[in-house]
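An overview of the molecular structure
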Amino acid sequence: MTEKIYICQLQQLADPGSHGFSVSHDEETIEGFVVQKDGQLYAYKNSCPHTGSPLDWVEHQFLDLDQAFIQCAVHDARFEIENGACVAGPCNGEALQRLAVLRQGDELFLQLNKP
Ligand code: FES
């Protein structure tokens, strides 16, 4: 069974751009962020594979200055936007945890697969 949880409006995201969210579901809180690049959407948990810390120091800001990579503000790790793979920094070779994002019209949803 698939469930969807509202994240935000598409207009809240620049291209390229990012938007953090926190949603509650089944007594669980999911902290994450969604990134738009070239019209494509990607979502990940807001948890750095280095220490488990949130990646952002500035709300909704998950991209580096060139907006080419996702950046962890704690120790400067860089991750590929398209797949969450860490390509530089202390967790090189690890990856962010991907979340499924669904666009319906102008609204973005987190898509959860439930057993
Ligand atoms: S916590 Fe993200 S690079 Fe260290």
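Scroll up to find the structure.
Side note on the side chain of Gln36
Among the structural elements, Gln36 can be located in strand β3 (residues 28-37). Here the side chain of Gln36 touches Ala14 through a polar contact of 3.2 Å, landing on its backbone oxygen. Not counting residues within four places of it along the chain, the set of residues in contact with Gln36 comprises Leu10, Leu13, Ala14, Asp15, Pro16, Gly17 and Leu41.

Thoughts on the pattern of salt bridges
Considering all chains together, one arrives at three salt bridges under this definition. Ionic pairing is found between Lys37 and Glu82, a salt bridge with its closest N-O pair at 3.1 Å. A residue pair is termed long-range when its members are at least 10 positions apart, and Lys37 in strand β3 and Glu82 in the loop between β6 (78-80) and β7 (86-88) qualify at 45 residues. According to the relative accessible area criterion, Glu82 is partly exposed, its value standing at 35%. Note that Asp64 and Arg78 form a salt bridge whose closest N and O atoms lie 3.3 Å from each other. Placement of Asp64 in the loop between β4 (40-45) and β5 (69-71) and of Arg78 in strand β6 is noted, with a sequence separation of 14 residues between them. Residue Asp64 is classed as buried on the basis of its relative accessible area, which comes to 6%.

Some thoughts on the packing of aromatic side chains
Using the criterion set out here, one finds three aromatic pairs in the structure. When the ring of Tyr6 is compared with that of Phe109, the centres are 5.9 Å apart and the planes differ by 75 degrees; the resulting orientation is edge-to-face. Here Tyr6, found in strand β1 (residues 2-9), pairs with Phe109, found in strand β9 (residues 107-113); they are 103 residues apart in sequence, far enough to count as distant. You can call Tyr6 partly exposed: its relative accessible area is 38%. Here the aromatic rings of Phe33 and Tyr44 are separated by 5.9 Å at their centres, their planes lie at 40 degrees, and the arrangement is tilted.

Regarding the environment of Leu41
Relative to the helices and strands, Leu41 resides in strand β4. Along the sequence, Leu41 and Glu82 sit 41 residues apart, while their C-alpha atoms lie 8.7 Å from each other. Leaving out residues up to four positions away in the same chain, Leu41 has contacts with Leu10, Leu13, Val34, Val35, Gln36, Val101, Arg103 and Leu108.

Details of the nonpolar core
Judged by nonpolar contacts, the single largest core of 16 residues is most densely connected at Phe33, Leu55, Ile70, Phe79 and Leu96. At the level of elements, β3 and β4 are the ones that each hand at least two residues to this core. Those residues in contact with Phe79 that sit more than four places away from it in its chain are Cys48, Pro49, Leu55, Phe69, Ile70, Cys72, Gly84, Ala85, Cys86, Cys91 and Leu96. If you look at the next biggest cluster of nonpolar residues, it comprises 15 residues, including Ile7, Val23, Leu41 and Leu112.

Focus: the environment of Gln40
The residue Gln40 is located in strand β4 in this model. According to the relative accessible area criterion, Gln40 is partly exposed, its value standing at 46%.

Parameters at a glance
- Residues numbered from 1 in each chain as written.
- Predicted model: local features only at pLDDT ≥ 70, side-chain atom pairs only at ≥ 80, totals over all residues.
- Heavy atoms only, no water.
- Helix = DSSP H or I, 4+ residues; strand = E, 2+ residues; numbered from the N terminus.
- Polar contact = N/O pair within 3.5 Å; in protein donor to acceptor, adjacent residues only side chain to side chain.
- Contact = heavy atoms within 4.5 Å.
- Salt bridge = Lys/Arg side-chain N within 4 Å of Asp/Glu carboxyl O.
- Buried < 20%, exposed > 50% of the residue type's maximum accessible area, 1.4 Å probe, protein only.
- Phe/Tyr/Trp six-rings, centres within 6.5 Å; stacked < 30°, edge-to-face > 60°.
- Core = buried A, V, L, I, M, F, W, Y, C linked by side-chain atoms within 4.5 Å.

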